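One letter stands for each residue in the lines below.
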Amino acid sequence: MTTRTAPAPAGRTASAPGGEADVAPVAALLAEPTRARLLIALLDGRALPAGVLAREAGVSAQTASGQLARLLAGGLLTVEPSGRRRYYRLAGPDVAAAVEALARLAPTAPVTSLRAGTRAQALRQARTCYDHLAGRLGVAVTEALLAHGALVAADGTAGTARRPGDPLAAPLPDHPYTLGPKAEEVCAAFGVDLPAVQQARTRRPLLRFCVDWTEQRHHLAGRLGAAFTEALLAQGWLERARTHRALRLTESGAERLAALDALPPPGPDGTSS
């Protein structure tokens, strides 16, 4: 099994001298509706075959194949052959951050069917943002970490509300919050081995935070955010949707998160997940 490494994004080379970034080629890739839907379908960090992605984007297999080739050539995707299939995934968290940043600026698509409305509601409640928990549940877990002393706001502000200077179309600074005095104890209650996450050999920051595009509040990302999502899935507190990046809170998960004060408040329909 071999993995194809993503080329440098269109219009750039790995050895090009420094200068202003040429964003136009990448922006053009993101501007086509089918390509945008393909990227959104991969925002949960998984690798998916072209056939599944075609159904997610609502296009033919031939159309999806052509657009996936464009995204691959532009450096936004990588591909891994497995048997007769080729599995596509985002080239990394920077690609996911760019798509999520655009989602925060974009108008909401009209809901034209019950199925679309149900899916949109599920995505607002709980979803993956590349490999970390987002939506109302992601914000609620982050707020619980603050309330229990696992995180401390660097500016002393209580809660996860978006600060006046927070950008809408760019990642937050690496450290709007720091680990608090109860970090290891509280993480363990969620099933997360904080020392192991801290010692992982990777250049990815331990703490990173996003402005959630549906909630306009902060949620935890980075290595620790990914570890939380893995732990909640491994313990059966969350389940993945079969065809999109929404996450379903299980009955046992609701009980455990309620005990940890990590459930979001009821939504407009009276549900909390």
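Residues numbered from 1 in each chain as written. Predicted model: local features only at pLDDT ≥ 70, side-chain atom pairs only at ≥ 80, totals over all residues. Heavy atoms only, no water.

S.K.: Explain unusual backbone geometry residue by residue, including any values.
M.R.: Unusually for a residue other than glycine, Y130 sits at a positive phi of about 65 degrees. Tracing the backbone through its elements, the reader meets Y130 in the loop between strand 4 (127-129) and strand 5 (132-134). Assessed through its relative accessible area of 15%, Y130 is described here as buried. A positive phi angle, near 55 degrees, is found at Q216, a position not held by glycine. If you trace the backbone, Q216 turns up in the loop between strand 8 (208-211) and strand 9 (218-221). (Helix = DSSP H or I, 4+ residues; strand = E, 2+ residues; numbered from the N terminus. Buried < 20%, exposed > 50% of the residue type's maximum accessible area, 1.4 Å probe, protein only.)

S.K.: Requested: an account of the confidence of the model for the protein, with residues and values cited.
M.R.: Residue-level pLDDT values for the protein average 83, and 82% of them are 70 or greater. Contacts for the low-pLDDT stretch residues 111-117, under 50 throughout, to residues beyond four places or in other chains number 2 contacts. (pLDDT = per-residue confidence, 0-100. Contact = heavy atoms within 4.5 Å.)

S.K.: Report on the packing of aromatic side chains, specifying residues and quantitative values.
M.R.: Using the criterion set out here, one finds 2 aromatic pairs in the structure. With centroids separated by 4.6 Å and ring planes inclined at 55 degrees, the aromatic side chains of Y177 and F209 adopt a geometry described as tilted. You can see Y177 sitting in strand 7 (residues 177-179) and its partner F209 sitting in strand 8, a full 32 residues away along the chain. Taken as a pair, Y177 and F209 share a single burial class, namely buried. (Phe/Tyr/Trp six-rings, centres within 6.5 Å; stacked < 30°, edge-to-face > 60°.)

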